[in-house]
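Chain and residue survey
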Amino acid sequence: MAGGVAGEVFVEAGRTARTVGRALWRGLPTILVGLAVLATFLSVVGFAGAVADDVAISRNRATATAEVLEGSTFARTLVRFPVPDGQLLVPERGVYYPRGLEPGTTVLVEYDRADPDLVRVAGRTALSGLPLTIGFVALAWAVFGGAAVLVRRRRQAAHHE
């Protein structure tokens, strides 16, 4: 009898999985477009955050010569620079807009006196990252939007056969 109950549970789980699978398949184009919209939204929020950081740095700007440190990754480039009290700072999040920096080199940086962890390469702003942001959004729409269009076309072709 216990085997019969377990069997019924598996049969019901299978039905539920098929129902969920069908619903996901029906909504796949919408889900794909939703992923493209999400990527766009996150990119806009990221760009707005970069602009806000730039504004904070520009309001209370100080400059320093920083050394680019080893241990940098794609996600962050570490730098070390002195502040007026003589302390050497290594911002945890690294420097903003680090394109082209190599460990061991020096670079002029701008930072917020009130929050020295907000530091960017001098002369670079959020606009420096805009082409990459636009490229990411375009890629998201090409992949997810293209896949949504493909799924819809295949469904229409199958429906007309």
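Residues numbered from 1 in each chain as written. Predicted model: local features only at pLDDT ≥ 70, side-chain atom pairs only at ≥ 80, totals over all residues. Heavy atoms only, no water.

Examining the sheet that holds strand E2 (residues 79-82)
- Taken in spatial order, the five strands make up an open sheet running E3-E2-E1-E4-E5, and their pairing is antiparallel. At either end of the open sheet lies a strand with only one pairing partner, and these are strand E3 (88-89) and strand E5 (115-121).
- When strand E1 (residues 61-68) meets E2, the two strands line up antiparallel, connected through two bridges. In the sheet register, Glu67 faces E2, and the bridge partner there is Arg80.
- Across the sheet, helix H2 (residues 28-59) is in contact with E1, strand E4 (106-112) and E5; its angle to E5 comes to roughly 105°. (Pairing = 2+ DSSP bridges. Helix = DSSP H or I, 4+ residues; strand = E, 2+ residues; numbered from the N terminus. Contact = heavy atoms within 4.5 Å. Axes fitted to C-alpha atoms, helices over the stretch in contact; angles between N-to-C directions.)

A few points about the packing of aromatic side chains
- In the structure shown here, the tally under the stated rule is two aromatic pairs.
- Aromatic pair Phe81 and Tyr111: ring centres 5.0 Å apart, planes at 40°, arrangement tilted. On the criterion of sequence distance, the pair formed by Phe81 in strand E2 and Tyr111 in strand E4 is long-range, its members being 30 residues apart. The exposure classification of Phe81 matches that of Tyr111, with both residues buried.
- Ring geometry for Tyr96 and Tyr97: centres 6.1 Å apart, planes at 55°, overall tilted. We note that Tyr96, like Tyr97, is buried. (Phe/Tyr/Trp six-rings, centres within 6.5 Å; stacked < 30°, edge-to-face > 60°. Buried < 20%, exposed > 50% of the residue type's maximum accessible area, 1.4 Å probe, protein only.)

Some details on the UniProt feature "transmembrane region" (unreviewed entry) in the protein chain
- Those residues carrying the UniProt feature "transmembrane region" (unreviewed entry) are residues 31-52 and 130-151 in this numbering.
- Spanning residues 31-52, this segment combines 100% helix with 0% strand, and its end C-alpha atoms are found 31 Å apart.
- Here residues 130-151 runs as 100% helix and 0% strand, with 31 Å between its end C-alpha atoms. (UniProt positions renumbered as here; feature names shortened; annotations may be inferred.)

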